[in-house]
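# Descriptive structure summary
Residues per chain are reported as follows:
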Amino acid sequence: MPSYRVTLAVGLLRPGADPEAVLPAAAAAARALTTVEAYDVGVVRGEARVTVRFLADTDADAHRVADAVEAGVRKHAATSGGRLTRRWGARWHPA
């Protein structure tokens, strides 16, 4: 089963949102649909980014998971720049 990765830039938090809840919400949204391999938050060029790596049978399934992750994060914060990639060998390619 292929490994996929969705990455989202995280912007302003919603009023009353707990910043500590953003990453768990992203992972839980994916976990509700598939196996989550890893998840992380980082800062790239001054921008917070959430990354969730997961398994999916097809690109279409992976897009559904990526949409769910984005919806889960948007409950807590604004998002932008969503990107879905599939692992092929040692590299990640657009899915």
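Described below are features of the structure shown in this document. What you are looking at is a predicted structure, and each value in this text was computed from that prediction instead of being measured.

Another point: unusual backbone geometry. Despite not being glycine, R45 shows a phi value in the positive range, around 50°. Mapped onto the elements, R45 comes out in the loop between β2 (36-44) and β3 (47-55).

A few words now on the pairing of β2. As paired elements, β2 and β3 share 8 bridges and run antiparallel to each other. If you follow G42 over to β3, its bridge partner there is R49.

Within the fold, S3 resides in strand β1 (residues 3-13). Side-chain polar atoms of S3 contact the side chain of E37, separated by 2.5 Å. In contact with S3, other than residues within four places in its own chain, are E37, R53, F54, L55, T85, R86, R87 and W92.

Quick look at the pattern of salt bridges now. Evaluated as defined, the whole model comprises 5 salt bridges. Where E47 meets R49, a salt bridge forms, and the shortest distance between an N and an O atom there is 3.3 Å. Using a relative accessible area of 22% as the deciding quantity, one classes R49 as partly exposed. Taking the shortest distance from any N to any O, the salt bridge between R86 and D59 comes out at 3.0 Å. Here R86 is found in strand β4 (residues 77-88), whereas its partner D59 is found in helix α2 (residues 59-74), with 27 residues between them in sequence.

What follows deals with the side chain of T79. Turning to its location among the elements, T79 is positioned in strand β4. Ignoring sequence-local partners within four residues, the contact set of T79 consists of L8, A9, E70, V73 and R74.

Parameters at a glance
Every chain is numbered on its own, with residues counted from 1 as its sequence reads. At least 70 in pLDDT is required for a residue's local features to be given in this predicted model, at least 80 for side-chain atom pairs to be given and counted, and no such filter applies to totals for whole chains, interfaces and linings, which use all residues. As a convention, hydrogens and water are excluded, and side-chain values are obtained from all of the structure's heavy atoms. Secondary structure elements are defined from DSSP: runs of H or I of at least 4 residues count as helices, runs of E of at least 2 residues count as strands, and each element is numbered from the N terminus. In this description, strands pair whenever DSSP reports at least two bridges between them. Here a polar contact means two N or O atoms within 3.5 Å. Within protein one must be a hydrogen donor candidate and the other an acceptor candidate, and residues neighboring in sequence count only if both atoms are side-chain atoms. Contacts are assigned to residue pairs with any non-hydrogen atoms lying within 4.5 Å of each other. Salt bridge, as used here, is a side-chain nitrogen of Lys or Arg placed within 4 Å of a carboxyl oxygen of Asp or Glu. The buried label goes to any residue with under 20% of its type's maximum accessible area, the exposed label to any with over 50%, and the partly exposed label to all in between, with areas taken from a 1.4 Å probe on protein chains only.

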